[in-house]
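Letter by letter, the chains look like this.
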Amino acid sequence: MNFDFSDDQKQLRDEARKFLAEKCPPKAVRTVLDGKEPYDRTLWKGLAEMGFLGVAIPEEFGGAGAGHLELCVIAEEMGRALAPVPLSSTVYLAAEAILLAGSDAQKRKWLPAIAAGEAIGTLALFEGKGNPSPQNVKLQAAGGTLNGVKKPVPDGAIADFAVVAARTGSSGRESDISLFLADMKAGGVEAKTLTNIDPSRGQAELTFKNCKAEPLGAAGEGWSILSQVLDHAAVLMAFEQVGGADRALEMGRDYALDRIAFGRPIGSFQAVKHMLADMYVSATLARSNCYYGAWALSTNAGELPEAAAAARISATQAFQHCAKNNIQVHGGMGFTWEFDCHMYYRRANATALGLGSLSYWEDALIARMRKKNAA
Amino acid sequence: MNFDDTPQEAAFRAEAKAWIAANAPKQYEEELRKSSLGRTVLKGANILEVAKAWQKKKADAGWACLHWPKEYGGRGSSPIERVIWQQEEGPFGKLSGMFIIGHGMCGPTMMAFAGEEQKRQYLPPLASGEKIWCQLFSEPAGGSDVAGLRTRAEKNGGDWIINGQKIWTSGAHYSDYGILLTRTDPNVPKHKGLTMFFLDMKSKGVEVRPIKQASGQSDFNEVYFTDVKIPDSQRLGEVNDGWNVSLTTLMNERSAIGAGVSTGFPELFEFCSNLMLEDGPAIDDPGVRSKLANWAVKASGLKYTSMRAISALSRGERPGPENSIGKLVAGSMVQDVAAYALDLQGAAGVLSGPEDAEIAGKFQAMLLRAPGTRVEGGTDEIMRNIIAERVLGLPGDIRVDKDVPFNKIPTKGRS
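On a predicted model such as this, the values are computed, not experimentally measured, just so you know. (Residues numbered from 1 in each chain as written. Chains lettered and ligands numbered in written order. Predicted model: local features only at pLDDT ≥ 70, side-chain atom pairs only at ≥ 80, totals over all residues.)

Topic: the overall build of chain B
Right, so step 1: Summing up its helical and strand segments, chain B has 12 helices and 10 strands in all.
Right, so step 2: In terms of C-alpha radius of gyration, chain B reaches 23 Å, essentially the compact-globule figure of 22 Å for 415 residues.
Right, so step 3: Each principal axis of the C-alpha atoms in chain B carries an extent, and together these give about 75 × 60 × 45 Å.
Right, so step 4: If you take every contact in chain B between residues at least 6 apart in sequence, the share linking residues at least 24 apart comes to 70%. (Helix = DSSP H or I, 4+ residues; strand = E, 2+ residues; numbered from the N terminus. Rg over C-alpha atoms; globule rule 2.2 N^0.38 Å. Contact = placed C-beta atoms within 7 Å.)

And the structure:
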């Protein structure tokens with residue numbers, strides 16, 4: 001049994017960590033957080049040059065042709081560094097959707113551009129409140145044009161193209177939903193930046209008015225494709241979350257060792273030690289669930305839907321837990337803008353929602369386990 | 001990343017599987033499979049006898065204490081082979097409960113500190129289950145703070161005379177031998193005046209009294225020592241070096257990787273799948289689902305944490321400290337799971353008789369046994385200290401009694 005990453009994959013992790021330590025220090029995250037830039041363009045280019053953006057894209061489409069395990073490794077490091085770039089929207093969502101359902105022409109058009117850092121993509125799924133569900137998709141598609149409003153759309157204001165979930169039927173079934181590819185530069189879509197709890201990453205409202213778009217995948221297959229895309233993205237995002245959780249835990253641990261109060265390091269008080277021990281427990285459980293998700297994703301196993309939901313729930317909880325208690329360990333200083341703790345807290349709570357909330361995935365996990373047991 | 005055996009591992013697994021299929025006491029398989037925390041019983045059979053017979057059969061065929069050297073009754077197997085054996089032994093592994101302390105703690109301590117002749121005399125019957133061993137460390141005044149123990153050992157010619165009391169001794173009532181930690185010098189700080197021995201539990205002056213637990217069962221004992229004589233040849237390690245000897249024992253406590261800790265989750269999932277509430281099956285209720293999902297990811301997180309440790313073993317590495325979270329997570333989880341299962345039963349959840357209670361009172365038994373799991377073998381708080389200090393590198397607790405002679409340490413709080 002080797003339920004672990006390979007030596008090559010661990011080497012890739014070390015490379016990515018070194019690269020990000022240099023190119024993505026906290027002050028780079030703050031440039032985007034403070035609204036000076038919509039995303040870190042230099043970092044995005046650098047990631048493309050390192051081959052990280054196309055690590056799971058086949059060589060024939062301009063990628064490195066490695067695989068999803070390598071992408072999990074990159075995702076974890078990006079999460080540790082809070083990289084302020086549109087990786088999740090472009091790579092976990094848009095590229096995965098095209099890989100799963102795109103025509104050869106669509107793959108040739110967008111995948112090499114993604115790998116080269118020349119195209120930013122996103123998934124336009126949500127329409128206000130609510131979790132992923134066919135009923136919540138109201139945007140209409142008819143005659144190859146889209147009409148409706150999507151929000152929040154991650155990185156919607158900087159995207160070059162969007163995978164759009166649209167309603168093409170009214171039977172009340174999943175087959176009413178189809179996917180489309182919309183070129184944001186071709187007109188018919190207006191983007192408005194929205195304020196959000198994590199300004200180091202962008203959220204937007206996209207208004208489609210007679211926007212020309214081409215189908216992605218077969219008509220009526222939209223929900224089935226989306227479900228797979230969300231499972232893939234759940235595993236990848238979970239690695240980002242575990243990376244963030246680990247870093248928040250380290251920050252708390254380091255501060256507890258350095259900070260003296262009542263004549264001793266605060267890390268010698270059991271109240272603080274035990275809080276940090278519980279953070280370690282959450283992060284460890286999440287990492288192990290993520291490894292199972294990575295295995296299922298990389299082998300396209302039948303267990304993927306269940307494994308993805310478990311990884312998603314566990315990693316969401318761990319990142320939220322570690323980020324909030326990191327602030328607690330830091331005390332008052334943790335609540336300042338100057339300290340980096342709030343950036344992890346913001347990211348933890350934003351990533352908890354992007355692919356559907358915790359309660360959505362809890363429900364999904366048990367439904368999937370039940371289905372498996374019944375089978 | 002894969003779950004596959006190496007060719008050698010696969011060959012070992014096939015051999016183990018075949019032997020177990022041909023030799024295991026199959027008539028008890030179903031009962032053992034269904035048993036859960038607080039309830040391992042075999043109808044119409046004495047579990048001690050069944051367990052001893054299975055252990056002897058394993059030993060005769062070379063399947064006992066796999067990781068021990070052959071000359072001491074083991075098989076000389078690698079750590080990963082031991083894990084594969086446990087996986088294949090499955091529910092029959094529950095019959096090993098009464099040997100865990102002897103095989104996991106007393107045996108390794110004897111191997112490290114006893115003389116060669118003693119090892120050859122005592123270890124093979126320990127491996128084969130013909131002799132059962134217990135560990136006599138905890139005392140009324142020394143639980144988590146085990147170095148605070150007060151049982152005295154005084155030198156008298158070539159012997160030591162023991163007086164004092166031990167508590168929480170698992171299986172003392174059916175044990176043949178024990179390892180015993182005593183105080184030999186009360187005039188030095190507490191860790192520096194301890195000495196370890198092994199002794200025959202039938203020695204004159206040893207009295208075993210079962211403790212009736214909060215759950216109503218009796219798994220543990222008090223053991224009283226009144227002028228018990230132990231020859232100096234049964235001393236393990238140097239005089240006053242008992243603390244270091246006990247660390248060897250306690251380090252081995254963590255070695256049971258892959259043995260699995262009971263979380264109660266599979267039982268709860270099955271229960272919720274079958275339980276009908278007013279609006280349909282419990283498992284379709286959003287509140288129930290949310291609770292189940294939170295426990296599901298803890299149970300799977302533990303399972304795959306253990307897989308990561310097994311992978312390290314398979315590569316010939318020592319597993320990392322992440323495995324130390326198992327008992328901490330499972331202990332409080334099984335308690336919460338049991339309480340929730342009773343909640344789902346409504347007012348009838350109070351009933352615990354096998355005929356009246358849901359699934360024969362399994363969750364009621366689990367609830368009543370669960371508090372012990374958070375205390376035995378290191379309390380939740382000690383486990384968190386271990387993680388904080390050994391994994392995260394945080395400072396040790398400030399110990400006000402560290403440099404104080406043992407006999408000057410206060411013995412009472414409020415006076």
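Structural notes on unusual backbone geometry
Right, so step 1: Put simply, Lys 151 of chain A and Pro 152 of chain A share a cis peptide bond, and its omega is -5°.
Right, so step 2: Along the chain, Pro 152 of chain A falls in strand 3 (residues 145–154).
Right, so step 3: Non-glycine residue Asn 210 of chain A carries a positive phi angle of around 45°.
Right, so step 4: The topology assignment puts Asn 210 of chain A in strand 7 (residues 203–212).
Right, so step 5: Judged by the 11 C-beta atoms lying within 10 Å of it, Asn 210 of chain A is exposed.
Right, so step 6: Of note in this structure, Asn 240 of chain B is not a glycine but carries a positive phi near 70°.
Right, so step 7: Tracing the backbone through its elements, the reader meets Asn 240 of chain B in the loop between strand 8 (235–236) and helix 7 (242–253). (Buried ≥ 20, exposed ≤ 12 C-beta atoms within 10 Å, placed from the backbone.)

Considering the interface of chain B and chain A
Accessible area lost upon the coming together of the parts is a frequently used measure of interface size.
Right, so step 1: Of the residues lining the interface, 38 residues belong to chain B; the matching set on chain A comes to 41 residues.
Right, so step 2: If you list the elements that add at least two residues to the side of chain B that touches chain A, you get helix 9 (286–314), helix 10 (325–344) and helix 12 (380–391) of chain B.
Right, so step 3: Among the elements that make up the side of chain B that touches chain A, the one with the highest residue count is helix 9 of chain B (17 residues).
Right, so step 4: Along the lines of polarity and charge, the residues of the side of chain B that touches chain A split into 21 nonpolar, 9 polar and 8 charged. (Nonpolar A, V, L, I, M, F, W, Y, C, P; charged D, E, K, R; others polar.)

Overview of the domain arrangement of chain B
Residues and elements named next belong to chain B.
Right, so step 1: The domain architecture assigned to chain B consists of domain 1 (7–127), domain 2 (133–253) and domain 3 (265–378).
Right, so step 2: When each unit is reduced to the centre of its C-alpha atoms, the spacing between domain 2 and domain 3 is 34 Å.
Right, so step 3: Counting from both sides, the interface comprises 5 residues of domain 2 and, opposite them, 5 residues of domain 3.
Right, so step 4: Looking at the side of domain 2 that touches domain 3 residue by residue, the classes come out as 1 nonpolar, 3 polar and 1 charged. (Domains from an automatic or database assignment.)

Quick notes on the environment of Ala 204 of chain A
Residue and element names in this part refer to chain A.
Right, so step 1: Along the chain, the position of Ala 204 falls in strand 7.
Right, so step 2: Ala 204 sits 78 residues away from Ser 282 along the chain, and the two C-alpha atoms are 32 Å apart.
Right, so step 3: Not counting residues up to four positions away in its chain, the partners in contact with Ala 204 are Val 153, Gly 156, Ala 157, Ala 191, Lys 192, Thr 193 and Leu 194.

Examining the domain arrangement of chain A
All names here are of chain A.
Right, so step 1: When the domains of chain A are assigned, the result is domain 1 (7–118), domain 2 (122–220) and domain 3 (224–374).
Right, so step 2: Just the C-alpha atoms count here: the centres of domain 2 and domain 3 sit 28 Å apart.
Right, so step 3: Contact residues are listed per partner, giving 12 residues for domain 2 and 13 residues for domain 3.
Right, so step 4: The class makeup of the residues in the side of domain 2 that touches domain 3 is 5 nonpolar, 4 polar and 3 charged.

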